[in-house]
Each structure stands twice: as structure tokens, then as C-alpha cells.
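Structure at a glance
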Amino acid sequence: MPLPFFVNLWACNPWIAEPERDAAQSQHALAPDMPPITDVVAPAPQAPPAEPEAEFTYSTEDWYRSLSETWPAKTAVIAADQHVGGSMAQDVAAFVGKEGKLQCFDYAAYQMHVANFRTTGRPSRDARNFQVLIEHRQPDGSLLDEVQLPETIEAVQYLKEVLQQDIPVLVGICLKYYSPRPNNVESTPFVEPTNHYVVIVGMDTADHGEPYFEYYDYRFRPGSPGGQRCRLYLKSTMKVESLDGGVVLAEVRRTMAR
């Protein structure tokens, strides 16, 4: 019998802090002057052969312009006073029904619950969802990023559409400062880079002109210095990431009614 969607497969130890992930998140939230991460990015996938009359293109620049030229502002679809934070561990534990250590997915799933929604499964096991970033293990042990362009296009379009309907979306992100990849499964020929979960709640355009999605992370209260940095920007490379490249959108899961 498959496990319920809200059961996280990570460790189930007594409730304790997650020092490594905490350090990675604190580094991202409290070190705005940190230099951007430089990582090797795989070339964009080649477009499949097109019919003579087809005009579809997989050019990242063309799709960036198309997706960003209309980017409506949307304030958080979940009120700040409904933000699920770390102090709500007892409520989260009662919701997920476990006595072990709570994980970020548990908090994100409960955040969806308090907004009267639920999420679906991981993209590698649920074709309705979007794996927008994958990694390939190199001989030297390093990881090579590869943006899944068609999936990213669909995911961004989906996020824009549902946010306008006041619907939040649970997503997986990759904290580049945090090396574990606990969401990975052996059945995939690539590495699933998700190592943290958050909930997309809004969108807007920054003063410097880049469009972004706003998210709630259980570790950062909305309006706090860390909360103000909870943004993922759509870049011309079609990566959806933080300004310093330390946080990258990895997967988008569709939202369902509770």
C-alpha cells in the first residue's frame, strides 16, 4: 500500500534541529553579499524536428521574453497570520500523524492544509507534475545542472495561472549550499535535486526588472529579513532561482482541493 502523500521519507528521529540545513538556510538569509554560485549548466535541450508550418521554438531567450512580458503582481494568497512556522510543531505533528522528527515537507504540507488545499506527488512518480531541474553525477563526484526547458515553461505558466485564482503551490527547491539530495530515488537516471520544500504564495516584478515568485518557508516569518529574501526569480536562462543562485526551483507539484 503506497504511503500517504504527506508522509516524508526522510529520517524519523525525535524532534531535533537540522543543523546542516539550518546553516545553509541561515547562510542564504543572512549573507546577502555572498558572491553568486558558479556552477556548470548543461546546454539547453535541442528542439525536436518541427513540422514545416510549426513556429514553436525552445529558445530560452524567446521563452523568457514571452513568459515575463505579462507578469501580473499578486500579493500573498495566504495571509501572513496563517504562515506556518517552526513554533507550530505540535500542530504539524498532529496533522501528519507521526511522532518522529518533523521535516520541511511536513510543514509545507500543513501550510497547504491551513489554506484548504493539498498537494500531489513527486514528479518522478506523478506525471501531472513538473521536474524543472535535474542533476547528473560527474566522474569527479560533482553535480551538473540541467534545466528541463519544456517542463519549466509549463510550470511557470501553471504558477502564474493558479496564483491569479488565489491558489498556493507546494514546490521543491534545491539549496545549493546544502549538499544532501534526500529526495533522490534509484529508479531515475538522474539526481533529483530537491532538498527543501516551500509554498509559492505570490508574484511580482523587482525594482531591477526581473519577475519573481514569492514563497513561504516555515523557517522565516513573512516580513522578517529572511522572509523578505524568499523569492525565486525567472532568469533569462530559464532557471528560477534566488538572486545569488543559492536557491533554485527544482520541482512544481499541482495543487488539489482539500
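As the structure is a prediction and not an experimental result, all values here were calculated from the model.

Moving on to the environment of Ile78. Mapped onto the secondary structure, Ile78 falls in the loop between α2 (60–68) and α3 (89–96). Expressed as a C-alpha distance, the spacing of Ile78 and Ile200, which sit 122 residues apart in the sequence, is 9.5 Å. Apart from the residues lying within four places of it in its own chain, the contact partners of Ile78 are Gln111, Ala115, Pro168, Val199, Val201 and Tyr216.

The next point concerns the nonpolar core. Most often, soluble globular proteins keep nonpolar side chains buried together rather than apart. Formed by 56 residues in total, the largest nonpolar core has its most connected members in Ile200, Phe213 and Val252. With eight residues, the top contributor of residues to this core is helix α5 (residues 149–163).

Tallied over the entire structure, the rule returns 12 salt bridges. Glu135 is the partner of Lys176 in a salt bridge, and the nearest nitrogen-oxygen pair spans 3.2 Å. One end of the pair, Lys176, is in the loop between β5 (169–175) and β6 (196–205); the other, Glu135, is in strand β3 (residues 133–137), and 41 residues separate them in sequence. Take Glu135: its relative accessible area is 0%, and that puts it in the buried class. Linking Glu251 and Arg253 is a salt bridge whose minimum nitrogen-to-oxygen distance equals 2.7 Å. Overall, Glu251 belongs to the buried group, its relative accessible area being 0%. Relative accessible area serves as the criterion here: at 5%, Arg253 is assigned to the buried category. The network of salt bridges with shared partners includes Glu135, Asp145, Lys176, Arg181 and Lys239.

Attention shifts here to the packing of α3 against helix α4 (residues 104–114). As a packed pair, α3 and α4 sit with axes 10 Å apart at the nearest point and diverge in direction by 85°. For the element pair α3 / α4, the angle class is roughly perpendicular. When α3 is examined against α4, the residues Ala89, Asp91, Val92, Phe95 and Val96 are found in contact with a partner set consisting of Asp106, Tyr107, Ala109, Tyr110 and His113. Along the lines of polarity and charge, the residues of the contact of α3 with α4 split into seven nonpolar, one polar and two charged.

On average, residues of the protein score 86 in pLDDT, and 78% of them are at 70 or above. Here residues 1–16 scores under 50 on pLDDT; set against residues more than four positions off or in separate chains, the count is 39 contacts. Throughout residues 38–42 the model reports pLDDT below 50, and contacts reaching past four residues in sequence, or to other chains, amount to 11 contacts.

As a further point, take the pairing of strand β4 (residues 143–147). The sheet contact formed by β3 and β4 spans five bridges and is antiparallel. When the sheet's bridge partners are listed, Glu135 is paired in β4 with Asp145. Hairpin remark: β3 followed by β4, antiparallel, with five residues in the connecting loop; positive phi at Gly141, about 95°.

In this section: the packing of α2 against α5. Taken N-terminus to C-terminus, the directions of α2 and α5 make an angle of 5°; their axes are 11 Å apart at the nearest point. Accordingly, the angle class assigned to the pair α2 and α5 is roughly parallel. Two secondary-structure elements touch here, α2 through Thr60, Trp63 and Leu67 and α5 through Leu149, Ile153, Val156, Gln157 and Lys160. Counted by class, the contact of α2 with α5 contains five nonpolar, two polar and one charged residues.

In terms of burial, strand β10 (residues 247–252) is largely enclosed, as six of its six residues are buried. Strand direction decides the pairing type here: strand β2 (residues 130–131) and β10, joined by two bridges, are antiparallel. Bridge pairing in β10 places Phe130 opposite Val252. Pairing geometry for β5 and β10, over five bridges, is antiparallel. Bridge pairing in β10 places Ile173 opposite Leu249.

Let's shift gears to unusual backbone geometry. Even without being a glycine, Asn116 presents a positive backbone phi close to 70°. Note that Asn116 resides in the loop between α4 and β1 (117–119). Positioned with a positive phi, Asp166 is a non-glycine residue whose angle comes to about 65°. By secondary structure assignment, the location of Asp166 is in the loop between α5 and β5.

The rules behind these values
- Residues numbered from 1 in each chain as written.
- Predicted model: local features only at pLDDT ≥ 70, side-chain atom pairs only at ≥ 80, totals over all residues.
- Heavy atoms only, no water.
- Helix = DSSP H or I, 4+ residues; strand = E, 2+ residues; numbered from the N terminus.
- Contact = heavy atoms within 4.5 Å.
- Core = buried A, V, L, I, M, F, W, Y, C linked by side-chain atoms within 4.5 Å.
- Buried < 20%, exposed > 50% of the residue type's maximum accessible area, 1.4 Å probe, protein only.
- Salt bridge = Lys/Arg side-chain N within 4 Å of Asp/Glu carboxyl O.
- Axes fitted to C-alpha atoms, helices over the stretch in contact; angles between N-to-C directions.
- Parallel < 35°, antiparallel > 145°, perpendicular 65-115°, else oblique.
- Nonpolar A, V, L, I, M, F, W, Y, C, P; charged D, E, K, R; others polar.
- pLDDT = per-residue confidence, 0-100.
- Pairing = 2+ DSSP bridges.

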